[in-house]
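Read off the chains here:
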Amino acid sequence: DAGITQSPRHKVTETGTPVTLRCHQTENHRYMYWYRQDPGHGLRLIHYSYGVKDTDKGEVSDGYSVSRSKTEDFLLTLESATSSQTSVYFCAISPTGTQYNEQFFGPGTRLTVL
Amino acid sequence: AQSVTQLGSHVSVSEGALVLLRCNYSSSVPPYLFWYVQYPNQGLQLLLKYTSAATLVKGINGFEAEFKKSETSFHLTKPSAHMSDAAEYFCAVSDGGNEKLTFGTGTRLTIIP
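Parameters and conventions
Residues numbered from 1 in each chain as written. Chains lettered and ligands numbered in written order. Predicted model: local features only at pLDDT ≥ 70, side-chain atom pairs only at ≥ 80, totals over all residues. Heavy atoms only, no water. 1 Å grid on protein atoms, 1.4 Å probe; cavity = no way out; pocket = protein on both sides within 12 Å on 5 of 7 lines; lining within 4 Å. Points joined across faces, edges and corners; volume = space filled by probe spheres on them. Helix = DSSP H or I, 4+ residues; strand = E, 2+ residues; numbered from the N terminus. Nonpolar A, V, L, I, M, F, W, Y, C, P; charged D, E, K, R; others polar. Contact = heavy atoms within 4.5 Å. Buried area = accessible area lost by both parts, 1.4 Å probe. Salt bridge = Lys/Arg side-chain N within 4 Å of Asp/Glu carboxyl O. Polar contact = N/O pair within 3.5 Å; in protein donor to acceptor, adjacent residues only side chain to side chain. Pairing = 2+ DSSP bridges. Axes fitted to C-alpha atoms, helices over the stretch in contact; angles between N-to-C directions.

What follows concerns the layout of surface pockets. In this structure, the largest pocket encloses a volume near 570 Å³. Taken together, the elements giving at least two residues each to the lining of the largest pocket come down to strand E4 (31–38), strand E9 (87–94) and strand E11 (109–113) of chain A together with strand E10 (87–94) of chain B. For the lining of the largest pocket, the class distribution of residues is 9 nonpolar, 15 polar and 5 charged.

The next point concerns the interface of chain B and chain A. Counting residues at the interface gives 23 residues for chain B, matched by 22 residues for chain A. Of the roughly 1,800 Å² buried at the junction of chain B and chain A (both faces included), carbon and sulfur atoms supply 52%. The interface formed by chain B and chain A holds 1 salt bridge in total. Close ionic contact of Glu102(A) with Lys49(B) constitutes a salt bridge, the shortest N to O distance being 2.5 Å. At the surface where chain B touches chain A, the tally comes to 3 residue pairs in polar contact (both at pLDDT 80 or more). For the side of chain B that touches chain A, the secondary structure elements donating two or more residues are strand E5 (32–38), strand E6 (44–50) and E10 of chain B. By residue number, the principal contributor to the side of chain B that touches chain A is E5(B), which donates 4 residues. A breakdown of the residues in the side of chain B that touches chain A according to their chemical character gives 8 nonpolar, 11 polar and 4 charged.

Before going further, it helps to examine the sheet that holds strand E7 (residues 64–70) of chain A. Residues and elements named next belong to chain A. Pairing is antiparallel in the open sheet, where 4 strands are placed in the order E1-E3-E8-E7. If you trace the sheet from one side to the other, it starts and ends with strand E1 (4–7) and E7, each paired once. Neighbour to neighbour, the strand axes of the sheet diverge by 20° on average, direction disregarded.

Put into structure tokens, the structure is as follows:
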């Protein structure tokens, strides 16, 4: 299994509070991604990173920000959580040098915003 | 732009029967295609991938998929379903150039004993 961990694995928070989710990899892969998974929508890309301090938006980036200060860590922040951000969040990584964009996924974080 | 359509959000088959999960793609360039499986409360696991080397691709757990350019399809099959195949399956496409995958909405497979 690819060395990807996500923390926390479960979190319940209240509307309006800030939340930070962490993705940590031990594979030294260049690319890292944050997705959210919702019933009927599959996986939707929030943000991704193609290197330290290099990030870009995905299709559902509103209300989220990211940071990557080290190769191994990719943080997703909800500045002011809303109930619509209740979801399961997955981190993924992609090996450097592959043209296929094959991605490997972490175990997920289940976030509930009350 | 690339996109994926998975026909049937829920599929039920009897144990021992053929499994067929459908995936059609849209891509402006030759695509790379993937099937992922997600077991309950777990992350996604790569089942198989098409990278233009061969049109019939074999994956883990007895699954295979055939790339058909004329039909823009990449359907997933398994000759004989097992109870352990119950999971959600996602098809994904990449054009190789934009560093991203686009996922379908998933098909939940139920196996009937």
